[in-house]
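These are the residues of each chain, in order.
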Amino acid sequence: MLTAARWDIEGEIPDRPKLIAIVAPHTSNWDFVLGIAAVCALGLSVRFLGKHTLFRPPLGWLMRWFGGTPVIREAPQGAVAQAVSVIQSEPAVVLGIAPAGTRTAETPWRSGFYHIAHAAKVPILPVAFDGARRAIRLFAPLETSGDYEADLTRLMALYEGIRGVRY
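Model, not experiment: these values are computed from the prediction.

A.B. asks: What is the right way to read the packing of aromatic side chains from this model?
C.D. replies: Each aromatic ring pair is specified by the distance between its two centres and by the angle formed by the two planes. Within the structure shown, the criterion is met by six aromatic pairs. The interplanar angle of 80° and the centroid separation of 5.3 Å between the aromatic rings of Trp109 and Tyr159 together place this pair among those described as edge-to-face. On the criterion of sequence distance, the pair formed by Trp109 in the loop between strand 5 (93-97) and helix 4 (112-120) and Tyr159 in the segment after helix 5 (148-158) is long-range, its members being 50 residues apart. A relative accessible area of 9% means that Tyr159 is categorised as buried. Taken together, a centroid distance of 6.0 Å and an interplanar angle of 65° make the contact between Phe139 and Tyr159 edge-to-face. One end of the pair, Phe139, is in the loop between strand 7 (135-138) and helix 5; the other, Tyr159, is in the segment after helix 5, and 20 residues separate them in sequence. Phe139 sits in the buried class, given a relative accessible area of 15%. An aromatic cluster is defined as three or more aromatic residues linked by ring pairs; in this entry it consists of Trp109, Phe113, Phe139 and Tyr159.

Below, the structure written as structure tokens:
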């Protein structure tokens, strides 16, 4: 599917049993389709967090089948604890999160992904949906230092100049 759509995957999945994959920029509903295609192409089993309303009928079962876990954004502390619990309960897991939490390029990132990674002692795998290059780019993983601002600056630098998907 990625080949037919003229998309490439650049980079590699690190040999780590547990990762938090942050996917940005999240600008289109097509991001989900590209993400599922990439997961299949890479042979991964990925879990993801999604807005609880995505898990309502008639397609809620499908979102869960794809590996989704619903979260209520108004209770962010609960979402962090829930995600850490998912990571700790499985021997190997890749948890995918859109750090902006919404489909607009200008939205500032929420800090939940960082708190999840730090609390679970799991590295962050930065992933970019680069619409201009038609590439899903996998960057080197980042181990959290506990200094959110410093680590966020390093992460944001990776995404500089990347334009999201527009269909």
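A.B. asks: Help me understand the pairing of strand 2 (residues 18-24) in this model?
C.D. replies: Each regular strand shows side chains that alternate between the opposite faces of the sheet. With respect to burial, strand 2 is a largely interior element, six of its seven residues being buried. One ladder, built from five bridges, connects strand 2 with strand 5; its direction is parallel. The partner of Leu19 across the bridge, within strand 5, is Val94. Relative to strand 6 (residues 124-130), strand 2 runs parallel, the two being bridged by five bridges. Within strand 6, the position partnered with Ala21 by the bridge is Leu125.

A.B. asks: Even after reading the chapter, I still don't get the pattern of salt bridges, so can you show me in this structure?
C.D. replies: Working definition: two side chains of opposite charge can pair if their charged atoms are close together. Applying the stated rule across the entire model yields six salt bridges. Across the pair Glu143 and Arg16 runs a salt bridge, and its minimum N-O distance is 2.8 Å. Placement of Glu143 in the loop between strand 7 and helix 5 and of Arg16 in the loop between strand 1 (8-10) and strand 2 is noted, with a sequence separation of 127 residues between them. Among the residues examined, Glu143 registers a relative accessible area of 44% and is labelled partly exposed. Look at Arg16 and you get partly exposed, because its relative accessible area is 35%. Here the residues in one salt-bridge network are Glu10, Asp130, Arg133 and Arg137, joined through shared partners.

Each value, and the rule that gives it
- Residues numbered from 1 in each chain as written.
- Predicted model: local features only at pLDDT ≥ 70, side-chain atom pairs only at ≥ 80, totals over all residues.
- Heavy atoms only, no water.
- Phe/Tyr/Trp six-rings, centres within 6.5 Å; stacked < 30°, edge-to-face > 60°.
- Helix = DSSP H or I, 4+ residues; strand = E, 2+ residues; numbered from the N terminus.
- Buried < 20%, exposed > 50% of the residue type's maximum accessible area, 1.4 Å probe, protein only.
- Pairing = 2+ DSSP bridges.
- Salt bridge = Lys/Arg side-chain N within 4 Å of Asp/Glu carboxyl O.

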